[in-house]
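For reference, the chains in residue letters:
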Amino acid sequence: MDSRRITMLFIAIALLLHLPAGASGLSGHNISNARNGLRDGDVLKRYPIVFTDTASAGTGCVWNLADIKPGKAYRMEIALVSESPEQHHMMRNRTAIHYRTSGDTILSTGFENNQWRVDFDYPEIWLADTMRLGFTTSARIHGTGKYCDRLRYAIEGRYILSADAGGTLIMPEGDTLSNVLRIHSQRAFIHKYYPKDSLNADITTEEFDHAAAMDSILILDTRRWYAPGYRYPLLEIQKLTRQADGAQLMYEACYTPADEMADIPTDPDNVKLRDTIRQNSPAPSDNDERTPSDAESGKDRLPSGGDDVNYRFTQQRGDRNLHVDYIVNHPMDIEFILADVAGIVYSSASRRCAPDETYSIDIPYGDIPGMGPYVLYISTGENRYAEKFHK
């Protein structure tokens, strides 16, 4: 296939990616190796979900997972390879994906499991420092390996990587994250198997060009969503399709709750960024239509609750403390119960309260076991309110 056909192929892939022309000056979250790079010993849970991303490129996108029911979680672990600070593997679903840091870029260099071992001599860029909305790059990918120790294997293709969309991500737990950046890769490739004793077990660029001209290539579409203050993608989707008919051959989607992602230990860069974001969040605006009694009682500042109590719940992660400001609408006893989702109670406290006075209570949770989820129940006798959180 001549150079014009190659150019047309990449234009077609770019159109599929909906790359925003001239978007490099758009504001939003910037990828940073210091805050988003791989780290030895990090472990997090990934929850399988079913979610279709229909957002086009650009700003102002909204990805809403609020009504999605997650499946059973699995562990994702990051570890150094041979104690080399430049090489990591990510273990997930019994597959080790290999990465190498080269300057300010993290490269995907291969993978292995109990069936496969594939090494890329032309690796694919996974992350580049200072990626921001509008970033795009393209290159060749090529690798060889073995399948079940009985066959030799080769892969050849091209990929386009872009930071093509930004917006808001609403998590199943209700967390709403702003300035989220979508990293989008589309890999167009062919692959082949060869006898174990084959002397020529490889694919040439000419073979790929011919396959592309015949619409007989595969497209691996990978999307990752990064939010400021969280090291790894909160949401990931991967889909494999045939170019010829669009048939879907593989689909995977998973996410990690924001609270669980925030529990990755010893991550000061992201903790500091999250604290800065919280401090810079706009305070609730005054309600011009409030009544004088509302202004005096503080109800407009305490948005949760009902007819008997209004409150504001705050989780203070650094201090492992729950803080509640509250006001009651008539004399009552109010009880605060700290429990897990199975109903095991770890602590409780009761208060006798009178109306027209703002109260507060601090409930430490540092001694409860595990990472959660947990619930703080606020019981008034008439009603019980629940605030879910992760340790």
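In what follows, the accompanying structure is described. (Residues numbered from 1 in each chain as written. Predicted model: local features only at pLDDT ≥ 70, side-chain atom pairs only at ≥ 80, totals over all residues. Heavy atoms only, no water.)

Considerations on the overall build of the protein
At step 1: Looking only at helices and strands, one finds six helices and 21 strands in the protein.
At step 2: Sequence-distant contacts in the protein: of pairs separated by 6 or more residues, those separated by 24 or more amount to 59%.
At step 3: For the protein, the accessible surface area stands at approximately 20000 Å², while carbon and sulfur atoms represent 48% of it. (Helix = DSSP H or I, 4+ residues; strand = E, 2+ residues; numbered from the N terminus. Contact = heavy atoms within 4.5 Å. Areas by Shrake-Rupley, 256 points an atom, 1.4 Å probe, with all protein chains shown as cover.)

With respect to the sheet that holds strand β15 (residues 309-316)
At step 1: The strand order across the open sheet built from four strands is β14-β15-β16-β19, with neighbouring strands paired in antiparallel fashion. Single-partner strands in this sheet number two, and they are β14 (304-305) and β19 (359-364).
At step 2: Sheet topology places β15 next to strand β16 (residues 321-328); eight bridges connect them, and they run antiparallel. In the strand pairing of β16, T314 is matched with H323. (Pairing = 2+ DSSP bridges.)

A short note on the packing of aromatic side chains
At step 1: Across all of its chains, the model carries 15 aromatic pairs by this definition.
At step 2: Ring centres 4.7 Å apart and planes at 55° place the aromatic pair W116 and Y147 in the tilted group. With W116 in strand β7 (residues 116-128) and Y147 in strand β8 (residues 136-147), this pair connects stretches of sequence that are 31 residues apart.
At step 3: W116 gets classed as buried once you look at its relative accessible area, which sits at 18%.
At step 4: By way of ring pairs, the aromatic residues F111, W116, Y147, Y153 and Y193 are connected into one cluster.
At step 5: One residue, R140, lies across the ring of Y122, its end atom 4.2 Å from the ring centre.
At step 6: Against the face of Y230 rests R274, its NZ or CZ located 5.4 Å from the ring centre. (Phe/Tyr/Trp six-rings, centres within 6.5 Å; stacked < 30°, edge-to-face > 60°. Buried < 20%, exposed > 50% of the residue type's maximum accessible area, 1.4 Å probe, protein only. Lys NZ or Arg CZ within 6 Å of the ring centre and 35° of its normal.)

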